[in-house]
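Letter by letter, the chains look like this.
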Amino acid sequence: RKTTDPVLQLEKINVTFDSFCALTDLSLSIGVGELRCVIGPNGAGKTTLMDIITGKTRPDSGKLTYDQNIDLTGMSPVEISRAGIGRKFQKPTVFEALSVMENLEIAQKMDKSVWTSLRAKLNGEQRDRIDEVLQQLRLTEYRHHPSGLLSHGQKQFLEIGILLVQEPHLLLLDEPAAGLTDAETEYIAELFRALAGKHSLMVVEHDMGFVESIADYVTVLHQGQVLAEGSLRQVQANEQVINVYLGR
Ligand code: ADP
């Protein structure tokens, strides 16, 4: 699925650390409702790419555009998340002493004026949304459990839930299948496919089996540049991609 309207466009992004070029003239476009996988060997620039999109790292040059006319270049991470871009990091960052439900409630209210909104009761619509997310993440029966008692996989699911209650348009997910059981990986692939369309997703991933189960379209990064783009089948047949992965 490659829709015509881009939700995110990167044009000729350059990032250097000291004199090392982490990203070189990187251009990339993600369509509305698309589920894009970004793959590439270690050091290819995948994390730097995520950091650029979320404003954690500033590019030396180049332009980032969100929703066709919002210039993200130079915006702070908070402004970027308010614009509708949510990122899930690899390591869980849930409040372990709080229950699953409390984590979701705080996430849902966080961006408003925090103190006032934390004291306000959730409205019916917000409560329904949390119930829906709990179900999507298979956490309904654990909703009152302290989050610290969840399994690794369940914590990762809760992280995704925290993003979902904040209703981002674009979800950035860094190796979401890392450390999950086979069954959890299968379920998360199903969930991502269900989320695409309503949301746009960009998934950075190492696990090729997982990529195969979700990807419409794959971008292969290598040495800070786009080496190939296309369906997984297309990029796997690409001579340069084969060479990079086999280390030739
Ligand atoms: P990936 O996520 O694909 O493994 P990264 O984006 O983490 O790749 O890194 C790309 C390159 O940039 C690597 O060679 C890495 O060592 C370098 N790099 C990343 N962050 C920094 C930094 N803060 N300072 C110096 N070099 C960095």
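Just above, that's the structure.
Since the model is a prediction, treat every value here as computed from it, not as a measurement.

## Quick notes on the nonpolar core
Considering soluble globular proteins, one finds that nonpolar side chains tend to be buried as a cluster. C37, I53, L158, L172, V203 and I214 are the most contacted members of the largest nonpolar core, which totals 66 residues. Per-element accounting of this core gives the leading share, seven residues, to helix α6 (residues 152–165). Mapping this core onto the domain boundaries places at least three of its residues in each of domain 1 (1–83 + 202–248) and domain 2 (85–167). Non-local contacts of C37, meaning those with residues more than four positions away in its chain, are made with V203, E205, V211, I214, A215 and V218.

## Comments concerning the pairing of strand β4 (residues 61–66)
Bridging between strand β1 (residues 6–17) and β4 involves five bridges; their strand directions are antiparallel. By the bridge assignment for β4, L10 is matched with L64. Sheet topology places β4 next to strand β5 (residues 70–71); two bridges connect them, and they run antiparallel. Among the inter-strand pairings, T65 is bridged to a residue of β5, identified as D71. Two successive antiparallel strands, β4 and β5, enclose a turn made up of three residues, where D67 displays a positive phi of approximately 55°.

## Quick notes on the pairing of strand β2 (residues 20–31)
Bridge count between β1 and β2: eight bridges; the pairing is antiparallel. Residue pairing across strands places T16 opposite C21, the latter belonging to β2. Connecting the antiparallel pair β1 and β2 is a turn made up of two residues, with D18 showing a positive phi of about 55°.

Parameters at a glance
- Residues numbered from 1 in each chain as written.
- Predicted model: local features only at pLDDT ≥ 70, side-chain atom pairs only at ≥ 80, totals over all residues.
- Core = buried A, V, L, I, M, F, W, Y, C linked by C-beta atoms within 7 Å.
- Buried ≥ 20, exposed ≤ 12 C-beta atoms within 10 Å, placed from the backbone.
- Helix = DSSP H or I, 4+ residues; strand = E, 2+ residues; numbered from the N terminus.
- Domains from an automatic or database assignment.
- Contact = placed C-beta atoms within 7 Å.
- Pairing = 2+ DSSP bridges.

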